[in-house]
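Commentary on secondary and tertiary structure
The residues making up each chain are set out below.
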Amino acid sequence: MKSFLATFLFILTPIAAFAEASADGKVPAAEVENAIESADPPDAATENLVEKSLVRVNATRQSFDLTRPWEKTSPDRRLGLGAVIEGKRVLTTAEMVANATYVELEIPDSGRKATAEVVAIDYEANLALVRPIESDSDFLKDRRALKLATESKPGDLLHVWQIEDNGTPVSTPVVFTRGEVTSYFVDNAFFLAYEANGTLQYHGGSFTLPVLNGNRLAGMLLSYSSKEQVSNILPATIIEHFLREQADGDYRGFPTLGIAFAQTLDEQFRKYLGLNGREGGIYVSKVLKQSSAAKSGVKPGDVILEIAGNPIDARGNYDDPAFGKLSMSHLVRGKPFVGDEVPFKILRDGKEKIIGVTLERRAAEDHLVDPYMFDRGPKFLILGGLVFQELTRPYLKLYGDNWQSRAPIKLLLADAQPERFEKEGKKKIVFLTRVIPTPATLGYERVNSVIVTKVNGQEITQVSDMAEALKSPVDGIHKIEFDDFPGIIYVDASLAAQINEQLKAQIGTVERLK
Amino acid sequence: MPKCARLSLATSFMKIFQTFCVVLFCAGLPATHGQELTKTQPAKPPVVASAAAVDTAVITDNPGPGSSSRYEAIVRIENSSLVPDYRTPWNYGRDSAGSGTGFLIGGNKFLTNAHVVSDSRLVYVKKVGDAKPYRARILHIAHDCDLAMLELEDDSAFDGVEPMQIGELPQLDSLVKVVGFPIGGERISVTSGVVSRIDFNTYSHSGADLHLTVQIDAAINPGNSGGPVIQDGKVVGVAFQGYSGAVAQNTGYMIPVPVIKRFLTDVEDGSYDHYVDLAVSDFTLLNPAQRDALGLPNDGIGIMVAHADPAGSTGEILETGDVLLAIDGLPISSNGLVTIAGENVDMNEIVERKFAGDVIVLTVWRDRKKFDVEVTLKRFLPYLLTAKQYDKKPRYVMHGGLVFQPLDRNLLNAHNLDDLQVRYLYNYYATDEIYKERPEIIVLTTILPDAINSHLRGFEKSVVDRINGKKVRTIKDVNRILKNMKDDEEFIEIKVLGEGRPIVMERALVSEAQDRIKKTYNVLNDHYLAD
């Protein structure tokens, strides 16, 4: 959700993925050469070592067609790089292998390939671990495992590694300039990223590039703007967090707090909050139900003064020893682990109070409207040609760049203000996606995008309720009620069952309930 | 105006329809007052003079070729208007001018389109072949059906002129003539064509009302608006809208006799009382399962009530899932039509011809039982939110640089209000009964920058929920709450809908800044609340 930085913070648009950016604005070769000359090339020993730590990752990806949830869209292929780490595993980004139907690893110089599987993936933190499937387990035996450079600091010279088509590794120096908190590739999931300056040139098939500090892995390149020559790098600290979290086989992800907050720069607002004479603090404007903050007793109207001993300024930043001003989001999501208790100093009714906030993670599927969905299709159900599914934000995004103004208003409302629907007991929004014209749907062809409230008299809180309710038609007829026009429709149960059988023969399946 | 039949289905059509931009045929006047008037008439988009306009000569091959004197009851109407600016509601407004056509209906009374004389400051009427302008008064103006009645200050100016007679609804494919003062020349123009279609359609003057229209293929051009469409020497319609040539060819619309007669009857008592409405959105009963479930015989009769608006005529009477079998004894087919005089027309046509306080009888099917119920018809007010407003000064309150305005279609368009919350409240105002909680939706539209509000950027376009704990239901509430604060209230605390923080301003600072802001931004009055 609007997890942390929702209301009054900067809105960050991730820069175009590297491959695209470079294809558009390729820099003149001369400039690149200059850049390389002016920096210290990594010594030969390092190069040799790094070369042995890189593999190509080739993924074929296919996502579900949300307008026809029983189908997948046409596959596309993404080529990128991975860094070999301990345990004969390859680290790459989640973006690289999300929705992958086939993944293979390739040794750059020899071109040797092996089919691989994804063993861990975190879409929010944009990280994934890939390894060759069992029969090829010695595939990586001549590869060296990279260690993490978690202590990189602004000013450090980093090297971005690419591999040319002929298998030759190429490194380009960039200067680490600052740390900032930004979203990687899933909306509203904010993490620390390094920003680095330096000109990069595109060397084919390079999505996700390992970035090294000396001979250790400092991060993975997320995006590069050829216009500004700025790289965004997913840092080793987040990688380390990911690796530690998945080590015990029980992956719990990165914690979320679940508040929206407002800055307190406004003097009149500070006075109103009783903050005069104090410094900093941010105003909690909303606490999500079932969130870590709610469960630990944080309330709307509280002012957060400190997190884990770090004073929070009026903009919502703290002073990070390594990076300077950094969003407090990092103190919640980046540093602690799920299950940790972090002390919050708050101001409530003019009194300071310490609250221990036990951090949890809210998974995408725990939201009323899943903010993202990968490697699975939406739950859906077809009734005689009426296609119902659970609403997800990727569905809303089908309405294009201006989806926030073009998608149906009630569906947008469910995404933006889930509380009003959760209050009614809804776990998911089940809506009529489309109507396949059949004898059972006669007269209903133009009904769509309406939210189901009841089926055969039973409240519908998710698709599985609907499957259950459809077991009890009244006098052979299903009654389906909506929150909007046309209010009620009726479907002949045996005709619908018959048509479902025909559809099953044509499209394979008429429901996905898990 | 029926909150129509098959509402949602109609909506998607309507959107497409609107992008075609129905043009109102009221011509803009050239600048004659030394101001750039021609550039300031966005409400009446001038249509590029098409070939059709050039062809509009007096038709001589009709029976009884005439001189222009036989059209002496037909007049040119020139209107100077003052269009308010909802972005700066305290300003005087923009001057504009336009012209259209009208006709004498007897007793110094003239009929024309509402849009010809909307937002009027000054109206003049000119006779055929007489350059003298006669000053006119607007007696009645009906924005919901785009008709207006005028009278001249000089009540003897048309003595001896034969008024025009009102005829009947013309037959499909019958010949009609359009007479008026469109662009292309100064003198009267006649074009002719046939009746192409008789159908319910949106009246684009309000943008929210549907009534019967008649489509004709005679050329209708800017300036024809308000002019008579004639058949057998009688008026069978008032030319009023059409598509620009870029969209559809030879597609003009007239307001047919039933709508004209209704208007004339309505104003007989000296005031216009508007259309009444069932305020029911209905849904077809074409699916056999619907009929089985409801226990209806498969006879093609009956339409289902999808929603009966509580604020409408049937709010207390009908429920979702009821079936309407007949209206005033006329059976309603399962796609919502009734048969009158051999013609299938929308069932709302029955209601269309009624007046406030009239009673109709609905035959309703509920729980497999049939019963008759009398419905006293009344106007459905919530729909007005989505109708374009005219002849009104925008209401507002400006306090500490914050400008509060009640939401309506004019405001939505002027401020380009695209916030999800605002769009929801606007679009679902009637169906989700938003008006119960918020008779007016108060939007903080603009912040006039000043030192005291410099941290409030980003709050523009949000909906005001409470001020100092008090619920805001109307623009008057805003003014009353802000002006009647107690001495111990140190802050003004404004809660807006959404998940942000409250807007907080120190009262002392606001009081001190108010005059300064008024001066800086030339806001003569810090509020206008009407009556």
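Residues numbered from 1 in each chain as written. Chains lettered and ligands numbered in written order. Predicted model: local features only at pLDDT ≥ 70, side-chain atom pairs only at ≥ 80, totals over all residues.

1. Some words on the overall build of chain B
For chain B, the count of helices and strands is ten helices and 30 strands. For chain B, the proportion of its 531 residues judged to be buried stands at 45%. Contacts in chain B between residues at least 24 apart in sequence constitute 66% of all its contacts with a sequence separation of at least 6. (Helix = DSSP H or I, 4+ residues; strand = E, 2+ residues; numbered from the N terminus. Buried ≥ 20, exposed ≤ 12 C-beta atoms within 10 Å, placed from the backbone. Contact = placed C-beta atoms within 7 Å.)

2. Remarks on the overall build of chain A
Assigned secondary structure in chain A consists of 14 helices and 28 strands. Within chain A, the proportion of its 514 residues that are buried is 47%. Across chain A, every contact between residues at least 6 apart in sequence was considered, and the portion connecting residues at least 24 apart equals 64%.

3. Looking at the interface of chain B and chain A
Facing 32 residues of chain B, the contacting portion of chain A comprises 32 residues. If you list the elements that add at least two residues to the side of chain B that touches chain A, you get α1 (7–19), β15 (280–283), α4 (288–294), β16 (303–308), α7 (420–427) and β29 (503–506) of chain B. Ranked by residues supplied to the side of chain B that touches chain A, first place goes to α4 of chain B with five residues. Here the residues of the side of chain B that touches chain A sort into 14 nonpolar, twelve polar and six charged. (Nonpolar A, V, L, I, M, F, W, Y, C, P; charged D, E, K, R; others polar.)

4. So, unusual backbone geometry
P486 of chain A follows F485 of chain A through a cis peptide bond whose omega is 10°. At N126 of chain A, a residue that is not glycine, the phi angle is positive and equals roughly 55°. As for its placement among the helices and strands, N126 of chain A is situated in the loop between β5 (113–122) and β6 (127–132). Even without a glycine there, the phi angle at D146 of chain B is positive, about 55°. Note that D146 of chain B resides in the loop between β7 (133–142) and β8 (147–152).

5. What about the environment of K354 of chain B?
Residues and elements named next belong to chain B. Among the structural elements, K354 can be located in the loop between α5 (348–352) and β21 (359–366). When the 19 C-beta atoms within 10 Å are taken as the criterion, K354 is described as partly exposed. Sequence separation between K354 and Q231 is 123 residues; the distance between their C-alpha atoms is 26 Å. Residues within four places of K354 in sequence aside, it is in contact with V276, I360 and L377.

6. Structural notes on the environment of T73 of chain A
All names here are of chain A. Topologically, T73 is positioned in the loop between β1 (54–61) and β2 (76–85). The exposure class of T73 is partly exposed, given the 14 C-beta atoms found within 10 Å. For the pair T73 and R61, spaced twelve residues apart in the sequence, the C-alpha separation amounts to 9.4 Å. Setting aside residues no more than four positions away along its own chain, T73 makes contact with Q62, S63 and D65.

7. Quick notes on the nonpolar core
If you look at the biggest cluster of nonpolar residues, it comprises 269 residues, and the most contacted ones within it are F388, V452 and V491 of chain A. What V491 of chain A contacts, discounting residues up to four positions off in sequence, is L383, G384, L386, A440, I477, H478, I480 and A496 of chain A together with A289 of chain B. (Core = buried A, V, L, I, M, F, W, Y, C linked by C-beta atoms within 7 Å.)

8. Regarding the pairing of strand β9 (residues 190–197) of chain A
All names here are of chain A. Here β9 lies mainly inside the structure; six of its eight residues are buried. Across eight bridges, strand β8 (residues 169–183) lies against β9 in antiparallel orientation. Across the sheet, residue G179 finds its bridge partner in β9, namely Y194. Here β8 folds back onto β9 in antiparallel fashion, the turn holding six residues, of which N188 has a positive phi close to 60°. Across four bridges, β9 lies against strand β12 (residues 230–235) in antiparallel orientation. Among the inter-strand pairings, N197 is bridged to a residue of β12, identified as V230. (Pairing = 2+ DSSP bridges.)

9. A word on helix α11 (residues 409–416) of chain A
Counting buried residues in α11 of chain A gives six out of eight residues, a clear majority hidden from the surface. When α11 of chain A is considered as a whole, its buried residues turn out to be K410, L411, L412, L413, A414 and D415 of chain A. Packed against the buried residues of α11 of chain A are α9 (393–396), α10 (403–406), α12 (419–422) and β23 (430–435) of chain A together with α7 of chain B.

10. Some points on the environment of P473 of chain A
Its place among the elements puts P473 of chain A in the loop between α13 (463–469) and β26 (477–482). The contact partners of P473 of chain A, leaving out residues within four places of it in the chain, are N456, H478 and A493 of chain A.

11. What to know about the confidence of the model for chain A
Chain-level pLDDT for chain A is 88 on average; 90% of the residues reach the 70-or-more range. Of all the helices and strands in chain A, helix α1 (residues 18–24) of chain A carries the lowest mean pLDDT, 34, while strand β24 (residues 452–455) of chain A carries the highest, 98. (pLDDT = per-residue confidence, 0-100.)

12. Here we look at helix α9 (residues 475–483) of chain B
Residue and element names in this part refer to chain B. Those residues of α9 not exposed but buried are I475, D477, V478, I481 and L482. On an axial view of α9, the arc spanned by its buried residues comes to 155°, and they lie on one face. Its buried side turned inward, α9 meets β23 (396–399), β24 (402–406), β25 (442–447), β26 (462–467), β27 (470–471) and β28 (491–496). (Arc of directions from axis to C-beta.)

13. A short note on the sheet that holds strand β27 (residues 488–492) of chain A
Residue and element names in this part refer to chain A. With antiparallel pairing, the four strands of this open sheet are ordered in space as β25-β24-β26-β27. Taken across any chain shown, the strands that pair with only one partner, and hence form the sheet edges, are β25 (458–459) and β27. Inspection of the sheet shows β24 paired to β26 by three bridges, in the antiparallel sense. Across the sheet, V452 pairs through a bridge with F482, a residue of β26. In the packing of helix α14 (residues 493–507) onto the sheet, the strands contacted are β26 and β27, and the crossing angle to β27 comes to about 70°. (Axes fitted to C-alpha atoms, helices over the stretch in contact; angles between N-to-C directions.)

14. Regarding the confidence of the model for chain B
Residue and element names in this part refer to chain B. Counting all residues, the mean pLDDT for chain B is 87, and 87% of those residues have values of 70 or more. A low-confidence stretch, residues 1–21 (pLDDT under 50), is modelled with 38 contacts involving residues beyond four sequence positions or located in other chains. Here residues 29–65 scores under 50 on pLDDT; set against residues more than four positions off or in separate chains, the count is 59 contacts.

15. As for the sheet that holds β6 of chain A
Residue and element names in this part refer to chain A. The six strands lie next to each other as β1-β2-β3-β6-β5-β4, forming a closed barrel whose pairing is antiparallel. Taken over all neighbouring pairs, the strand axes of this sheet differ in orientation by 40° on average, direction set aside. Both β1 and strand β4 (residues 100–106) contribute to a ladder of six bridges, which runs antiparallel. If you follow T60 over to β4, its bridge partner there is Y102.

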